[in-house]
Amino acid sequence: MEAYRYPDGSITYPGHPVGPGGEEPVGTVDLSDYTATVLTWTKSTATPPGVRQPNTLAIVEFDVDGEPVRAIGQVTGEDEVDIGDEVRPVYCEELREPGAGIREPASQEWDGYRFEPL
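Description of the structure in this document. (Residues numbered from 1 in each chain as written. Predicted model: local features only at pLDDT ≥ 70, side-chain atom pairs only at ≥ 80, totals over all residues. Heavy atoms only, no water.)

1. A few points about the sheet that holds strand E2 (residues 11-12)
Ordered by their spatial adjacency, three strands build an open sheet running E2-E1-E3, and the pairing between neighbours is antiparallel. The sheet is open, and its two borders are formed by E2 and strand E3 (27-30), each paired with just one other strand. (Pairing = 2+ DSSP bridges. Helix = DSSP H or I, 4+ residues; strand = E, 2+ residues; numbered from the N terminus.)

2. Some details on the pairing of strand E5 (residues 55-64)
Judged from the eight bridges that link them, strand E4 (residues 36-44) and E5 form a sheet pairing that is antiparallel. Bridge assignment links Trp41 to a residue of E5, and that residue is Ala58. With eight bridges connecting them, E5 and strand E6 (residues 67-74) associate as antiparallel partners. For Val64, the partnering residue across the bridge sits in E6 and is Glu67. Here E5 hands over to E6 after two residues, with Asp65 in that stretch at a positive phi of 55 degrees.

3. Focus: the packing of aromatic side chains
Taken as a whole and assessed by the stated rule, the structure comprises two aromatic pairs. Between Phe62 and Phe115, the ring centres sit 6.4 Å apart and the planes meet at 55 degrees, which makes this aromatic pair tilted. Of this pair, Phe62 sits in strand E5 while Phe115 sits in strand E8 (residues 112-117); the two residues are 53 residues apart in sequence, bridging distant segments of the chain. Each member of the pair, Phe62 as well as Phe115, is classed as buried. With centroids separated by 5.8 Å and ring planes inclined at 75 degrees, the aromatic side chains of Tyr91 and Tyr113 adopt a geometry described as edge-to-face. (Phe/Tyr/Trp six-rings, centres within 6.5 Å; stacked < 30°, edge-to-face > 60°. Buried < 20%, exposed > 50% of the residue type's maximum accessible area, 1.4 Å probe, protein only.)

4. Quick word on the nonpolar core
Among the nonpolar cores identified, the biggest contains 17 residues, and Leu31, Val60, Phe62, Val64 and Phe115 are the most heavily contacted of them. Counting residues per element, the ones that place at least two in this core are E4, E5 and E6. Here this core gets four residues from one element, more than from any other, and that element is E5. (Core = buried A, V, L, I, M, F, W, Y, C linked by side-chain atoms within 4.5 Å.)

5. Looking at the side chain of Ser10
The residue Ser10 is located in the loop between strand E1 (2-5) and E2 in this model. At 2.6 Å, the side chain of Ser10 forms a polar contact with the side chain of Asp8. Residues within four places of Ser10 in sequence aside, it is in contact with Tyr4, Arg5, Pro20 and Glu67. (Polar contact = N/O pair within 3.5 Å; in protein donor to acceptor, adjacent residues only side chain to side chain. Contact = heavy atoms within 4.5 Å.)

6. Concerning the environment of Glu80
Within the secondary structure, Glu80 sits in the loop between E6 and strand E7 (86-92). Of the residues examined, Glu80 reaches a relative accessible area of 51% and is grouped as exposed. Between the C-alpha atom of Glu80 and that of Trp41, which follows or precedes it by 39 residues, the distance is 9.7 Å. If near-sequence neighbours (up to four positions away) are discounted, Glu80 is found in contact with Lys43, Asp85 and Pro117. A distance of 2.9 Å separates the side chain of Glu80 from the side chain of Lys43, its partner in a polar contact.

Spelled out as C-alpha cells, the structure:
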C-alpha cells in the first residue's frame, strides 16, 4: 500500500507522478505499516460482477508524521465499522473474482488491501 511523498511534505495515495505542489515524488511510504481512522463508510448490496455481496467500503485517514493521507477500500469479511473506528490494512490476493466481468483476467491486477477493524 505504497503512497508517495513530495518535496513540500505532502503524501498522496495512490501515488501520482506529480504532487499537489507540481513536483515529482521524492520517496514512498508503506501505509500497511500504519493504522487509520474510519472517516465514513457504506455497505453496497449491488456490487459489480465478481465483487462480494454485501461489500462494506470505508474512507479512512492515516496520520503519517502529522500529514493526513486518505484512502478508500473494502472492509474485511462481514466486519461492521463505525465512524472513528481504528483499522489496519491487510493484504488480500483477490479483491474480486478474476473470471467475472468482461475484461481478460490476465490484463488486470486482482490483489490489494482491505481494512480490518482493530
